[in-house]
Amino acid sequence: MTDTTARESAARAGVTPMVLAEGVSKSFGSNEVLKSISLSVRPGEVLCIIGPSGSGKSTFLRCINHLERVDAGRLSVDGQVVGYRQHGDKLYELKPKEASRQRREIGMVFQRFNLFPHMTALENIIEAPIRVKGLPKARAVERANELLVRVGLADKGDHYPSQLSGGQQQRVAIARALAMDPKLMLFDEPTSALDPELVGEVLDVMKGLAASGMTMVVVTHEMGFAREVADELVFMDGGVVVESGDPREVLANPQHQRTQAFLSKVL
Ligand code: ADP
Ligand code: MG
């Protein structure tokens, strides 16, 4: 849902959107990178975002995840305005501690695996639950082992990142994000840095996650994944949502010339 009435239609459907962007704009200096983005993602949905390099895809994810601040418009996650507390009609900026609590509920996986190199896979996964959530170590380890099974790495807990392939590292990164029990997972081109033969194993884990009901926003160039897994596909170009809809529909029958031009290059 990407029209200007995203809020109304979500409200009509009777669910609080997991992500609701209403006229979100963001500039770096004089460079307007996001120009009034409006969209919504319902709980349990997978939204895929495609678009050329520099179109603002990462910046949009970074806004959702408190890594950038929006200049105008409103961005909410599960009914809470990102970075703010609402009281009546007024918004109060969150203190850093409150903001980090809000952010904790969102998991993010980047193009580069970003694992701590001096920690084993298991240590990477238990670090935040212990330090941030205060989980007892034994419980954190138990949960990490469950997550390692889930991402197909049951026997790799004691391996250091340097001993793992890119695909395995990325699966540990997913397990690490899941260890915080996020209600929303953001993926920023999670397979773009991988050798082609390792892409499938990461996409399979993401498919499993989607099937389990996780709400996901995925920036990707994997059109097969988008077609198969996404509930909605958004094509961004130049900081605007050019086109959106059912992924099969958008991919097979793009309405806008810019979408057609982009797809003709990547498909
Ligand atoms: P995409 O992920 O679609 O490739 P990005 O969101 O990374 O696009 O970037 C969109 C635009 O914003 C680019 O022109 C990029 O140079 C600019 N940009 C991104 N981050 C910053 C930043 N921290 N400071 C200045 N410009 C930035
Ligand atoms: Mg990017």
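Residues numbered from 1 in each chain as written. Chains lettered and ligands numbered in written order. Predicted model: local features only at pLDDT ≥ 70, side-chain atom pairs only at ≥ 80, totals over all residues. Heavy atoms only, no water.

## Digging into the pairing of strand S9 (residues 184-188)
Of all 5 residues making up S9, 5 are buried, and the element is well covered by its neighbours. Residues of S9 alternate between two faces, with Leu184, Leu186 and Asp188 on one and Met185 and Phe187 on the opposite face, all of them buried. As paired strands, strand S8 (residues 106-109) and S9 are joined by 4 bridges and run parallel to one another. Bridge assignment links Gly107 to a residue of S9, and that residue is Met185. Of the pairings in the sheet, the one linking S9 to strand S10 (residues 216-219) comprises 4 bridges and is parallel in character. Of the residues in S10, the one forming a bridge with Asp188 is Val219. (Buried < 20%, exposed > 50% of the residue type's maximum accessible area, 1.4 Å probe, protein only. Helix = DSSP H or I, 4+ residues; strand = E, 2+ residues; numbered from the N terminus. Pairing = 2+ DSSP bridges.)

## Re the UniProt feature "domain: ABC transporter" (unreviewed entry) in the protein
UniProt annotation of "domain: ABC transporter" (unreviewed entry) refers to residues 19-263 when read in the numbering used here. Helix makes up 37% of residues 19-263 and strand 27%. Its end C-alpha atoms lie 26 Å apart. (UniProt positions renumbered as here; feature names shortened; annotations may be inferred.)

## Overview of the sheet that holds strand S1 (residues 19-28)
Spatial ordering of the open sheet is given by S2-S1-S4-S5, a layout of 4 strands whose pairing is antiparallel. Strand pairing shows two members of the sheet lacking a second neighbour, strand S2 (31-41) and strand S5 (80-81), which therefore form its edges. The pairing of strand S4 (residues 72-77) with S5 spans 2 bridges and is classified as antiparallel. Looking at the pairing, Val77 lines up with Gln80 of S5.

## Some words on the pattern of salt bridges
Tallied over the entire structure, the rule returns 17 salt bridges. Ionic pairing is found between Arg171 and Glu201, a salt bridge with its closest N-O pair at 3.0 Å. You can see Arg171 sitting in helix H6 (residues 166-178) and its partner Glu201 sitting in helix H7 (residues 196-211), a full 30 residues away along the chain. Across the salt bridge formed by Asp237 and Arg258, the nearest N and O atoms sit 3.2 Å from each other. Linking Asp237 in strand S11 (residues 232-237) with Arg258 in helix H10 (residues 257-266), this pair joins segments that are 21 residues apart in sequence. A single network of salt bridges, built from pairs that share partners, joins Lys133, Arg143, Glu146 and Asp181. (Salt bridge = Lys/Arg side-chain N within 4 Å of Asp/Glu carboxyl O.)

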